[in-house]
Protein chains: 2
Amino acid sequence: MTGIISPSMPVIVTKDLMSGKMVYSTFNEGGGKVLWFGAFGSETLERLRWMRDVLGPVMKRVVEKAGGISVWNILAQGIQMGDECHNRHAASTNIFLKSIIEPLFSIDLSRDTALQVYRFIAGNSHFFLNMTMTGCKLAMDAARDIEDSTIVTAMSRNGTDFGIRVSGLGDNWFVSPSPLLLDALYNPGYGPDDGAPDIGDSAIIETMGLGGFAIAAAPAMASFAGGGFQEAVGITKQMGLITITKNSKFGVPALDFEGTPMGIDIRKVVETEILPSIDSAVIHKATGAGQIGAGIVKAPYECFAQALMAFGKKYDLAA
Amino acid sequence: MTGIISPSMPVIVTKDLMSGKMVYSTFNEGGGKVLWFGAFGSETLERLRWMRDVLGPVMKRVVEKAGGISVWNILAQGIQMGDECHNRHAASTNIFLKSIIEPLFSIDLSRDTALQVYRFIAGNSHFFLNMTMTGCKLAMDAARDIEDSTIVTAMSRNGTDFGIRVSGLGDNWFVSPSPLLLDALYNPGYGPDDGAPDIGDSAIIETMGLGGFAIAAAPAMASFAGGGFQEAVGITKQMGLITITKNSKFGVPALDFEGTPMGIDIRKVVETEILPSIDSAVIHKATGAGQIGAGIVKAPYECFAQALMAFGKKYDLAA
């Protein structure tokens, strides 16, 4: 349930209706010269000011009028419509738009402003991405701090390091160097030498079993894997070998509506050496050029091995 | 290109930009007690009056302001999003909505009226169906009257008869009894004894290679075939055996974006005895109960055999 947004520094607020816990995200700025991809010119700042002054306050009223927006409901439909809900959010963003049109054009607001907000969202097929992240974060937070659990509750990367957290191992992060995106498609003029190591907190989506884990639902993404539909199905099936369950909320059409594989078990990763597959963007390593490509990256083995060692130590298990 | 709509008896007007030819359709009324499914009570008439007085005139202005709507563009996206573009139009209707929001809320119109029109369309995931039919009709009309051609340019049924037209055979219809929908899912309280033989002109969609021919793009429809994803793929592959080409406009994601099979050849149907597969609705045979189920129906063999005999006769071919 996505809800109230603060008017001064606008963020998305998503609430776990079971626990009451809330998490936060900025709004998605779209593509091009945007802060979330490292750009910071005047065009970027002007857009951010508009998001602070117009988008945020309007969305606060719209989402309140809508009585909140169910993130899960939209993602479940998106998976039926070709989104894997990380690198492809085209259908989910359309469904989100459908959820807000009525409040957006019903509240007391100038038509021009309402249309401005509509155009901004309609022009960015990734607008729903940041809401997806909040939903996934809440779901995985609900799995934290379970005694004896070997389930991964977060994967994140900052362009230098890649870290994971494990349910039974408290607040510790297990960290290795962040991998480069070798299997990526680059924008014209850019190549593997230009990209920074993998970056961003969006791998919380794969931690929850969408994105790279659900790629069989989005064959359009398979070209990033250098392959076709069968390669996409192969990745989702492989992810089933390192997870403990299938998420029945998200039925993959091409797998006869089998749920997405969910709940990465560090024991299975270490034993099989199958690494979590993450759909990601490539950001330029030095300039403010922003996104220069997109592709698939594998989580590094080392942090899973470290976590398993720590697990053995904490729970006093013989090696 | 869908365009101007007459204000007195509102119809969709779709134009072939190559030939200038125009075709027409009513607007889709939605589900429940609706005229297109044989209902005719006061609720139905009231809705039709609103469509005449409000929807039609508003849509005329909206579509003019939008500069026309490209039917092909929307269908090409729909196929990427789980629609087979006959019984499932959920994504296409969302994309259509996205195309009209800006004009709908920009023209000089009361907000209430704009919201009424929005709600009507947003509440009917089949709204785009009737535009799909106009696009398919134009495409198949462009294939009419080609000397020597054995390609089917229309399939239609009226609850009693099932007829086809063939490109090289002029305006003749080749007619057999319309089949019952045996592989259908019925609404509670209804069964195969209640249904009328197959009815409607929507099989122009299959004639153009969407709907039943594209069912591999919409695994959600496979349950109507009593099966799963592989059964859906099997139907699309089978339709490839009775058609002459693949339509590269409509790439089926789960078939590595192979185009939908298109151009039914009466020789192939007669030789293989593989019958065109049509996604359809079941209408009650007697009462005004409207739609009582949905499923898959096979075109009858006889009309293809008749057409082939007529072809042999017209072109003076030895039997």
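Rules used throughout
- Residues numbered from 1 in each chain as written.
- Chains lettered and ligands numbered in written order.
- Predicted model: local features only at pLDDT ≥ 70, side-chain atom pairs only at ≥ 80, totals over all residues.
- Contact = placed C-beta atoms within 7 Å.
- Helix = DSSP H or I, 4+ residues; strand = E, 2+ residues; numbered from the N terminus.
- Nonpolar A, V, L, I, M, F, W, Y, C, P; charged D, E, K, R; others polar.
- Domains from an automatic or database assignment.
- Least-squares fit on C-alpha atoms with pLDDT ≥ 70 in both.
- Buried ≥ 20, exposed ≤ 12 C-beta atoms within 10 Å, placed from the backbone.
- Pairing = 2+ DSSP bridges.
- Axes fitted to C-alpha atoms, helices over the stretch in contact; angles between N-to-C directions.
- Expected span 1.5 Å × (residues − 1).

Below, the discussion takes up the interface of chain B and chain A. The partner chain A presents 25 residues to the 25 residues of chain B that form the contact. Listing elements by their share of the side of chain B that touches chain A, those giving two or more residues are helix 3 (90-106) and helix 4 (111-122) of chain B. Along the lines of polarity and charge, the residues of the side of chain B that touches chain A split into 15 nonpolar, 5 polar and 5 charged.

A word on the domain arrangement of chain A. Residues and elements named next belong to chain A. Here chain A is partitioned into domain 1 (12-134) and domain 2 (144-314). Between the C-alpha centres of domain 1 and domain 2 the distance comes to 24 Å. Between domain 1 and domain 2, the residue contacts involve 23 residues of the former and 24 residues of the latter. Of all the secondary structure elements, the ones that give two or more residues to the side of domain 1 that touches domain 2 are helix 2 (71-79) and helix 5 (129-141). Per-element tally for the side of domain 1 that touches domain 2: the top contributor is helix 2, with 4 residues.

In this section: the relation of the copies chain B and chain A. Between chain B and chain A, the superposition needs a rotation of 180 degrees and an axial shift of 0.0 Å, giving an RMSD of 0.0 Å. Such a combination of rotation and displacement between the chain copies is what one expects of a two-fold axis. For chain B, the minimum C-alpha distance to the rotation axis belongs to M81 of chain B and amounts to 2.0 Å. Taken together, the interface assignments show that 100% of the residues at the interface of chain B recur at the interface of chain A, consistent with an identical surface on both copies.

Right, let's talk about unusual backbone geometry for a bit. Backbone geometry at E273 of chain A places phi at a positive 60 degrees, although glycine is not the residue there. Checked against the element boundaries, E273 of chain A lands in the loop between helix 8 (266-272) and strand 10 (277-283). Positive phi, normally seen in glycine, also occurs at F257 of chain B, with a value near 65 degrees. In this structure, F257 of chain B sits in the loop between strand 8 (243-252) and strand 9 (258-264). Note on F257 of chain B: 18 C-beta atoms within 10 Å, which makes it partly exposed.

We now examine the pairing of strand 8 (residues 243-252) of chain A. Residues and elements named next belong to chain A. The pairing of strand 8 with strand 9 (residues 258-264) spans 6 bridges and is classified as antiparallel. Looking at strand 9, one finds that T243 is bridged to I264. With antiparallel pairing between neighbouring strands as the criterion, strand 8 and strand 9 make up a hairpin whose turn holds 5 residues, including D256 at a positive phi of roughly 55 degrees.

This paragraph deals with the sheet that holds strand 4 (residues 161-166) of chain A. Note: strands within a sheet are paired through backbone hydrogen bonds, in either parallel or antiparallel orientation. Residue and element names in this part refer to chain A. Taking strand neighbours across the sheet as the criterion, the 4 strands line up as 5-4-3-7 in an open arrangement whose pairing is antiparallel. Edge positions in the sheet fall to strand 5 (174-177) and strand 7 (199-200), since each has one partner strand and no second. Relative to strand 4, strand 3 (residues 152-158) is paired through 5 bridges, and the arrangement is antiparallel. Residue pairing for strand 4: S156 is matched across the bridge by G163.

Residues and elements named next belong to chain A. One open sheet accounts for 3 strands, arranged 6-11-10; its pairing is antiparallel. Edge positions in the sheet fall to strand 6 (183-186) and strand 10, since each of these pairs with one other strand and no more. Direction aside, neighbouring strands of the sheet carry axes that sit 20 degrees apart on average. With 4 bridges connecting them, strand 6 and strand 11 (residues 291-298) associate as antiparallel partners. Residue pairing in the sheet places Y186 in a bridge with G293 of strand 11.

So, about helix 5 (residues 129-141) of chain B. With 13 residues, helix 5 of chain B extends 18 Å from end C-alpha to end C-alpha; this agrees with the ideal 18 Å at 1.5 Å per step. Of all the residues in helix 5 of chain B, the buried ones are L129, N130, M131, T132, M133, T134, G135, C136, K137, L138, A139 and M140 of chain B.

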